[in-house]
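One-letter residues, chain by chain:
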Amino acid sequence: MRGLSALISGLYLIAVTSKKKSGWLPSPLASFTAFIYLFLYAPIVVLIIFSFNRSRFASVWRGFTWEWYAQAWKDVSLISSLRMSLMVAFLTTIVSVAIGTAAAIALARYRIKLRQAAETLIMLPVIIPEIVIGFATAALFGLAGVAFGLTTIIAAHVAFSISYVVFLVRARLVSLSSSFEEAAMDLGATRWQTFVHVTLPLILPAIISAALLVFTLSLDDYVITSFVAGPGATTLPMKIYSMIKTGVTPEINAISSVLLVTTILLVFVSERLTAGRLSRRAIGVAAVALLALVGFSLGGSGRKQLNIYIWSDYLPEEVIAEFEHRFDAKVNVEFFDSDEALLSKLQAGGASYDIVVPSNSIVTILREQGLIQPINLNLIPNFENLDPQFVGLPYDPENQYSIPYMWGTSGIAYRKDKVAGPIDSWAAMWDPRYKDHIAMLNDVRETFGAALKWMGKSLNSADPDEIAEAARLLMRQRSLVLAYDSDTFEDLLLNGEAWIVQGFSGDIARVMSEDPNIGYVIPKEGCTIFVDNLCIPVNAGHVELAHEFINFVLEAKTAAAIANGTGFPSPNLAAREFIRPDLLANEAAYPPKEAIGRCEFIKELGEAISIYDRYWTEIKSE
């Protein structure tokens with residue numbers, strides 16, 4: 001969104017530099033400028049085009065359709081996150097404009113002490129990296145004991161938005177003579193009357209322009225928001241970014257396109273106001289766009305709340321609706337994109353979730369750091385529905401802190417129409433015949449795990465010599481690899497750029513239904529197996545309802561609905577009879593038991609992980 005202003009300015013520059021006396025002819029400067037902006041903003045055009053793609057995958061065009069816009073309109077979680085974004089942006093704009101305008105007037109019209117220091121402080125939020133601001137803000141709120149949520153997001157957004165208001169309004173004030181204000185006060189007007197009747201009308205275009213800019217910046221922000229968001233406060237950028245595990249769907253393209261068009265209108269109006277070209281039509285366009293967006297921000301519920309922190313697209317809407325109906329509760333779902341994000345949010349201490357869904361690799365860390373509490377299995381009679389092979393796993397032998405939710409493996413997916421014969425070993429990932437058509441996960445433990453398993457070693461090896469040998473194998477493989485990608489590896493496979501990839505079974509299971517030429521195998525040497533778990537944070541505010549939810553999720557029909565809706569395999573044995581036959585028959589989702597026996601869970605390695613990280617940095621820098 002921040003680039004939209006530059007886009008509009010750039011198009012204007014192209015028009016100006018292209019105009020010749022003899023007509024409209026492209027000058028070298030105009031051509032170069034057009035190329036730069038085409039390069040920068042082609043992804044926006046592609047996003048809009050593929051929002052009309054009948055296929056769920058961006059790499060394959062299946063024809064034109066409006067279906068995804070209709071589904072986005074009906075998607076409760078998407079609309080809910082959009083409403084939250086609009087509410088945050090609207091409230092941020094009001095507060096930022098009020099404070100920023102006052103600050104701009106003080107700096108432009110009054111001699112104040114420490115002016116230079118004040119100007120420097122106002123400029124800092126623009127200069128400091130967003131990730132630093134986000135982390136510092138989260139630490140401050142955590143230290144003060146302020147619960148993360150809507151209030152903390154607005155406070156953080158106001159902190160970085162005030163600077164933009166000050167810049168625009170102050171620039172307008174500096175260009176205006178103070179003689180009008182002085183004349184008004186000489187004629188007996190008070191300072192307030194002078195401001196209302198003289199100063200405000202003169203700076204109103206800059207104030208409106210600043211308001212529209214702040215609105216778009218707040219609407220777009222992800223980095224800072226991700227640090228200070230809490231239960232029930234998931235914004236649209238957070239929802240979109242959390243799609244990493246399961247892929248961005250066409251519904252996201254559709255709602256992003258709607259938001260993009262609206263934002264372009266607002267930025268266009270802001271540009272006209274900044275340039276002094278105020279018109280009723282411009283104000284009317286902005287007013288209509290804002291009123292339409294504000295309408296989406298209304299809503300709420302007085303029912304008891306259950307706050308869930310989970311991977312995106314990992315809990316179907318119909319399951320949420322059924323739980324809300326049965327237990328007369330409101331479920332607030334917030335999404336994360338990595339276990340590290342979940343861990344850092346819980347460590348910050350400001351967020352109060354009732355259910356979190358960590359992978360097995362960090363359950364032990366959460367338990368040791370006192371971030372999750374014991375689960376009362378007496379309140380979960382449906383625990384008996386779980387498959388015995390997923391009960392009492394090494395990271396929580398007595399299931400005292402975690403209940404298996406979904407699971408999967410990270411093996412080898414390949415195109416049957418491209419590779420020479422069946423794939424059954426990690427050796428294929430080092431086959432020079434597939435040079436520039438191999439994709440590995442962008443994850444140090446997963447990539448080293450593949451090399452270690454091919455060596456016949458444990459993927460949890462802490463032996464420096466074994467790690468060094470695995471690093472040499474990966475270094476030798478580097479020239480063969482097309483990409484290290486944990487986000488869109490299935491698209492690379494689907495569009496034929498990659499012929500053989502290391503990938504997560506659930507994602508591969510979905511693309512296998514799209515293209516029968518794609519296969520999946522757990523190598524004969526073995527691979528990683530993961531289990532995502534239901535846990536209750538130590539500071540959960542609705543512990544009883546959390547237990548009700550866990551028991552509800554373990555019902556056979558509910559577990560089947562989750563598996564059918566997500567494409568990931570369920571550890572619920574009783575649910576098997578209700579799961580789609582095609583999913584049960586898919587070996588990527590439900591591999592043979594003997595294949596599962598060759599898999600290992602990723603374990604924490606303590607100080608040995610620094611050795612992995614050092615070699616991984618060398619490999620990626622080659």
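Remember, predicted model here, so these are calculated numbers, not experimental data. (Residues numbered from 1 in each chain as written. Predicted model: local features only at pLDDT ≥ 70, side-chain atom pairs only at ≥ 80, totals over all residues. Heavy atoms only, no water.)

Peer 1: Tell me about the overall build of the chain, residues and numbers included.
Peer 2: A count of helices and strands for the chain gives 25 helices and 13 strands. Here the chain, with 622 residues, has 52% of them falling under the buried criterion. Put simply, the chain shows about 27,900 Å² of open surface, and 62% of that area lies on carbon and sulfur atoms. (Helix = DSSP H or I, 4+ residues; strand = E, 2+ residues; numbered from the N terminus. Buried < 20%, exposed > 50% of the residue type's maximum accessible area, 1.4 Å probe, protein only. Areas by Shrake-Rupley, 256 points an atom, 1.4 Å probe, with all protein chains shown as cover.)

Peer 1: Tell me what's going on with a nonpolar patch on the surface, and back it up with residues and numbers.
Peer 2: Residues Val-45, Ile-49, Trp-61, Phe-64 and Trp-66 make up a contiguous nonpolar surface patch of about 560 Å² in total accessible area. Along the chain, Val-45 falls in helix H2 (residues 28-50). (Patch = residues over 30% accessible without salt bridge, like charges linked within 9 Å, V, L, I, M, F, W, Y side chains within 5 Å. Salt bridge = Lys/Arg side-chain N within 4 Å of Asp/Glu carboxyl O.)

Peer 1: Describe the nonpolar core, with residues and values.
Peer 2: Among the nonpolar cores identified, the biggest contains 122 residues, and Tyr-405 and Phe-448 are the most heavily contacted of them. If you tally residues by element for this core, the top one is strand E7 (residues 403-415), at seven residues. In this structure, Leu-107, Val-166, Leu-173 and Ile-203 belong to the second largest nonpolar core, which totals 34 residues. (Core = buried A, V, L, I, M, F, W, Y, C linked by side-chain atoms within 4.5 Å.)

Peer 1: Describe in detail the packing of aromatic side chains, supporting the description with residues and values.
Peer 2: Taken as a whole, this structure holds 17 aromatic pairs when the rule is applied. Geometrically, the ring pair formed by Phe-323 and Phe-549 is edge-to-face, given 5.2 Å between the ring centres and 85 degrees between the ring planes. Residue Phe-323 is found in helix H14 (residues 317-327), and its partner Phe-549 is found in helix H21 (residues 543-553); the two are separated by 226 residues along the sequence. With respect to burial, Phe-323 and Phe-549 carry one shared label: buried. Relative to Tyr-612, the ring of Phe-448 lies with its centre 5.1 Å away and its plane at 70 degrees, an arrangement referred to as edge-to-face. Residue Phe-448 is found in helix H17 (residues 444-454), and its partner Tyr-612 is found in helix H25 (residues 609-621); the two are separated by 164 residues along the sequence. One exposure class covers both Phe-448 and Tyr-612, and it is buried. A cation sits over an aromatic face here: Arg-445 above Tyr-612, 5.6 Å from the ring centre. It is Arg-614 that lies over the ring of Tyr-615; its NZ or CZ is 4.9 Å from the centre. (Phe/Tyr/Trp six-rings, centres within 6.5 Å; stacked < 30°, edge-to-face > 60°. Lys NZ or Arg CZ within 6 Å of the ring centre and 35° of its normal.)

Peer 1: Talk me through the sheet that holds strand E5 (residues 355-356); I want residue IDs and the actual numbers.
Peer 2: Pairing within the open sheet is parallel, and its three strands lie in the order E4-E3-E5. Since the sheet does not close on itself, it has two edges, and those belong to strand E4 (329-336) and E5, each with one partner. The sheet contacts of H14 involve strand E3 (304-311) and E4, and relative to E4 the element is tilted by about 150 degrees. H21 rests against E3, E4 and E5 of the sheet, and its axis sits at about 55 degrees to E3. (Pairing = 2+ DSSP bridges. Contact = heavy atoms within 4.5 Å. Axes fitted to C-alpha atoms, helices over the stretch in contact; angles between N-to-C directions.)

Peer 1: I'd like a rundown of the pattern of salt bridges, residues and numbers included.
Peer 2: One pass over the full model with this rule turns up 11 salt bridges. A salt bridge links Glu-322 to Arg-326; the nearest nitrogen and oxygen atoms lie 3.4 Å apart. With Glu-322 and Arg-326 both in helix H14 and four residues apart, this pair spans about one turn of that helix. In this structure Arg-326 comes out as partly exposed when scored by relative accessible area, which is 40%. The salt bridge involving Asp-417 is made with Arg-415; its shortest N-O contact spans 3.1 Å. For Asp-417, a relative accessible area of 41% translates into the label partly exposed. Ionic contacts of the salt-bridge type, sharing partners, join the residues Glu-322, Arg-326 and Glu-555 into one network.

Peer 1: Explain the pairing of strand E10 (residues 500-504) residue by residue, including any values.
Peer 2: The side chains of a regular strand alternate between both faces of the sheet. Across the five residues of E10, five count as buried, placing the element largely inside the fold. Here E10 shows no split at all, with Ile-500, Gln-502 and Phe-504 on one side and Val-501 and Gly-503 on the other all buried. Of the strand pairs in this sheet, strand E8 (residues 438-440) and E10 are connected by two bridges, and their pairing is parallel. Pairing of Ala-439 across the sheet is with Val-501, part of E10.

Peer 1: Can you break down the confidence of the model for the chain residue by residue, with the values?
Peer 2: For the chain, mean pLDDT is 82; residues scoring 70 or higher make up 86% of the total. Taken together, the stretch residues 1-9 has pLDDT below 50 and engages in 28 contacts with residues farther than four places along the chain or on a different chain. The low-confidence segment residues 11-22 (pLDDT under 50) makes 16 contacts with residues lying over four places distant or belonging to another chain. (pLDDT = per-residue confidence, 0-100.)

Peer 1: Lay out the environment of Asp-443 in plain terms, naming residues and giving numbers.
Peer 2: Positionally, Asp-443 belongs in the loop between E8 and H17. On a C-alpha basis, the gap between Asp-443 and Trp-616 in space is 9.0 Å, while along the polypeptide they are 173 residues apart. Look past the residues within four positions of Asp-443 in its chain and what remains in contact with it is Ser-486 and Trp-616.

Peer 1: Could you give an account of the packing of H17 against helix H18 (residues 464-477), naming the residues involved and the relevant values?
Peer 2: Running from N to C, H17 and H18 cross one another at 105 degrees; their axes reach a closest spacing of 9 Å. Accordingly, the angle class assigned to the pair H17 and H18 is roughly perpendicular. Touching Thr-447, Phe-448, Ala-451, Leu-452 and Trp-454 of H17 are Glu-466, Ile-467, Ala-470, Ala-471, Leu-473, Leu-474 and Arg-476, all from H18. In terms of residue class, the contact of H17 with H18 is made up of nine nonpolar, one polar and two charged. (Parallel < 35°, antiparallel > 145°, perpendicular 65-115°, else oblique. Nonpolar A, V, L, I, M, F, W, Y, C, P; charged D, E, K, R; others polar.)

Peer 1: Lay out H21 with the relevant residues and their values.
Peer 2: Of all 11 residues that make up H21, eight are buried, and the element is covered over most of its length. Within H21 the residues assigned to the buried category are Leu-545, Ala-546, His-547, Phe-549, Ile-550, Asn-551, Phe-552 and Val-553.

Peer 1: Got a sec to walk through the side chain of Arg-415? Specific residues and values, please.
Peer 2: Position of Arg-415 relative to the elements: it lies in strand E7. For Arg-415, a relative accessible area of 6% corresponds to the buried category. Looking at Arg-415, its side chain comes within polar contact range of the side chain of Asp-515, at 3.1 Å. (Polar contact = N/O pair within 3.5 Å; in protein donor to acceptor, adjacent residues only side chain to side chain.)

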